[in-house]
Amino acid sequence: MSPQEISDHKRRWKMSSPCVVKVHSDLYIAHKDWCMRNADRHQWSMDAFTAPYENTFFFEFNAHAIAFAYAFSRNVIE
């Protein structure tokens, strides 16, 4: 996929019903690394510092969100 196609694809699924996981920002690098290893680039997105010490990850598929939340269960913010 080209960068434009990735951007368009993300915009479509983020506007419909993304799976959202909020995590503490301390493990920022580990969180992004997990996403890069376990999901394609067009299947996830991250917004940094959506609240103090909080990053928000968006996933196209619920399975990725569940696996991510499980992998970082100690950092998930309810």
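Relevant structure appears above.
What you are looking at is a predicted structure, and each value in this text was computed from that prediction instead of being measured.

## Overview of the overall build of the chain
Now for step 1: Scanning the chain for helices and strands turns up three helices and three strands.
Now for step 2: When the helices and strands of the chain are read in sequence order from the N terminus, they spell out α-β-α-β-β-α.
Now for step 3: Here the C-alpha atoms of the chain give a radius of gyration of 12 Å, agreeing with the 12 Å that 2.2 N^0.38 yields for 78 residues.
Now for step 4: Along the three orthogonal principal directions, the C-alpha set of the chain runs to about 35 × 25 × 20 Å.
Now for step 5: Expressed as a percentage of the 78 residues in the chain, the buried residues total 36%.

## Thoughts on the pairing of strand β1 (residues 19-24)
Now for step 1: Side chains of β1 alternate between two faces, with Cys19, Val21 and Val23 buried and Val20, Lys22 and His24 left unburied.
Now for step 2: As paired elements, β1 and strand β3 (residues 54-59) share six bridges and run antiparallel to each other. Residue pairing across strands places Lys22 opposite Thr56, the latter belonging to β3.

## Examining the side chain of His64
Now for step 1: Topologically, His64 is positioned in helix α3 (residues 62-71).
Now for step 2: Of the polar contacts made by the side chain of His64, one reaches the backbone oxygen of Asn38; its length is 3.3 Å.

## Overview of helix α1 (residues 3-16)
Now for step 1: With 14 residues, α1 should cover 20 Å at 1.5 Å per step; its first-to-last C-alpha distance of 20 Å lies within 8% of that length.
Now for step 2: If you check which residues of α1 are buried, you get Ile6, His9, Lys10 and Trp13. Along the axis of α1, the buried residues cluster in a sector spanning 100 degrees; they form a single face. Those residues of α1 that are exposed and aimed more than 90 degrees away from the buried face are Arg12 and Met15.
Now for step 3: Against the buried residues of α1 lie β2 (44-51) and β3.

## Here we look at the sheet that holds β2
Now for step 1: An order of β1-β3-β2 is seen for the three strands of this open sheet, with the pairing classed as antiparallel. The open sheet has two edge strands with one neighbour each: β1 and β2. The sheet shows a mean angle of 25 degrees between the axes of neighbouring strands, direction not considered.
Now for step 2: Of the strands in this sheet, β1, β2 and β3 touch helix α2 (residues 28-38), which is tilted by about 5 degrees from β3.
Now for step 3: Of the strands in this sheet, β1 and β3 touch α3, which is tilted by about 20 degrees from β1.

The rules behind these values
All residue numbers refer to positions counted from 1 along the written sequence of the respective chain. Side-chain atom pairs in this predicted model are given and counted only at pLDDT of 80 or more, local residue features only at pLDDT of at least 70, and totals for whole chains, interfaces and linings cover all residues. Calculated side-chain values reflect all of the structure's heavy atoms, with hydrogen atoms and water omitted. Under the DSSP-based scheme used, a helix requires at least four consecutive residues in state H or I and a strand at least two consecutive residues in state E, with every element numbered from the N terminus. Here the radius of gyration uses the C-alpha set of atoms, whereas the globule reference equals 2.2 Å times the residue count to the power 0.38. Throughout, exposure labels follow a simple rule: accessible area from a 1.4 Å probe, protein chains only, divided by the maximum for the residue type, with under 20% read as buried, over 50% as exposed, and the rest as partly exposed. Any two strands with at least two DSSP bridges between them are considered paired. The term polar contact refers here to a pair of N or O atoms within 3.5 Å; inside protein, the definition further demands a hydrogen-donor-capable atom paired with an acceptor-capable atom, and it admits residues adjacent in sequence only when both atoms are side-chain atoms. Here a helix's expected span is defined as the number of its residues, less one, multiplied by 1.5 Å. Throughout, the arc means the angular range of directions from the helix axis out to the C-beta atoms. Contact criterion: two residues are considered in contact whenever any of their non-hydrogen atoms come within 4.5 Å of each other. Only the stretch in contact is used when fitting a helix axis, every axis being a line fitted to C-alpha atoms; angles between N-to-C directions are given from 0 to 180 degrees.

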